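Structural features, examined
The lines below spell out each chain.
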Amino acid sequence: MIALIQRVSSASVTVNEQVIGEIEQGLLVFLAVQPEDTPAKAKRLAERVAGYRVFNDENGKMNLNVKQIEGDILVVSQFTLAADTTSGMRPSFTSAAKPEFSDNLYQYFCQQLREQGFNVPTGQFAADMKVQLLNDGPVTFTLTI
């Protein structure tokens, strides 16, 4: 399971010209599911995302997590993060999980964040989405489980 997290001042996701999810300050998470992923891995990754300290404290150090700044978490499925790009000029997606399996773990991951008390708007799984964000920093990290 791969999560690309970005510290944002704001972010939104649009499907068919309609905004379906948006946040102000918080994290934008692009999530990819791989065939070997499990609910236990999804739960652990949700804990890592929620606890990852990427927001500045009063001294300008990245010591605060998204809960401490009372931020939200926008989660967008993005199977392309699981692409194999090691050879050729076209990515291979054989390392991404099948859609039904991925959607189930994607929903489970989001539920794990909600159970921690977060507002978690989402994209629409397998839709053509337009994502807008104002990356704060820029601060971007890849978390894997």
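Numbering of residues begins from 1 in every chain and follows the order in which that chain's sequence is written. Totals for whole chains, interfaces and linings use all residues, but because this is a predicted model, local features are given only for residues with pLDDT of at least 70 and pairs of side-chain atoms are given and counted only at 80 or more. Note that water and hydrogens are dropped before the side-chain values are worked out from all heavy atoms of the structure.

Salt bridge, as applied in this entry: a Lys or Arg side-chain nitrogen positioned within 4 Å of an Asp or Glu carboxyl oxygen. Under the counting rule described, the total for this entry stands at three salt bridges. For Arg7, the salt bridge is made with Asp136, and the minimal N-O distance between the two is 3.5 Å. One end of the pair, Arg7, is in strand β1 (residues 2-15); the other, Asp136, is in strand β7 (residues 129-144), and 129 residues separate them in sequence. Buried residues are those whose accessible area, probed at 1.4 Å on protein chains only, stays under 20% of the maximum for their type, while exposed residues exceed 50% and partly exposed ones sit between those limits. Judged by its relative accessible area of 6%, Arg7 is buried. Helix and strand labels come from DSSP, where a helix needs a run of H or I of at least four residues and a strand needs a run of E of at least two; each type is numbered from the N terminus.

Residues grouped as a nonpolar core are buried Ala, Val, Leu, Ile, Met, Phe, Trp, Tyr and Cys residues, joined through side-chain atoms within 4.5 Å. Membership of the largest hydrophobic core comes to 28 residues, with the highest contact counts inside it found for Val29, Val49, Ile73, Val75 and Phe109. Among the secondary structure elements, those contributing two or more residues to this core are β1, β3 (26-32), α1 (39-51), β6 (72-77), α2 (99-115) and β7. Between two residues, a contact is recorded if the distance between any of their heavy atoms is within 4.5 Å. When residues no more than four places from it in sequence are discounted, the contact partners of Val49 are Ala3, Ile5, Leu27, Val29, Ile73, Phe109 and Leu143. Of all hydrophobic cores here, the second largest spans 11 residues; its members include Val15, Leu28, Phe30 and Leu74.

For α1, which comprises 13 residues, the first-to-last C-alpha distance of 18 Å matches the rise-based estimate of 18 Å (1.5 Å per residue) to within 8%. Of the residues making up α1, those classed as buried are Ala42, Leu45, Ala46, Val49 and Ala50. Considered in projection along α1, the buried side chains sweep an arc of 135° and stay on one side of the axis. Against the buried residues of α1 lie β1, β3, β6, α2 and β7. To estimate how far a helix should extend, the number of its residues minus one is multiplied by 1.5 Å. Picture the helix axis, draw a direction to every C-beta atom, and the arc is the one those directions span.

Attention now moves to the environment of Ser77. Secondary-structure assignment places Ser77 in strand β6. Put simply, Ser77 and Phe109 are 32 residues apart on the chain and 11 Å apart in space, counted from C-alpha to C-alpha. For Ser77, the residues in contact, after removing those within four places along its chain, are Leu31, Tyr106, Phe125, Ala126 and Met129.

Don't take any of this as a statement about function, it's just geometry.
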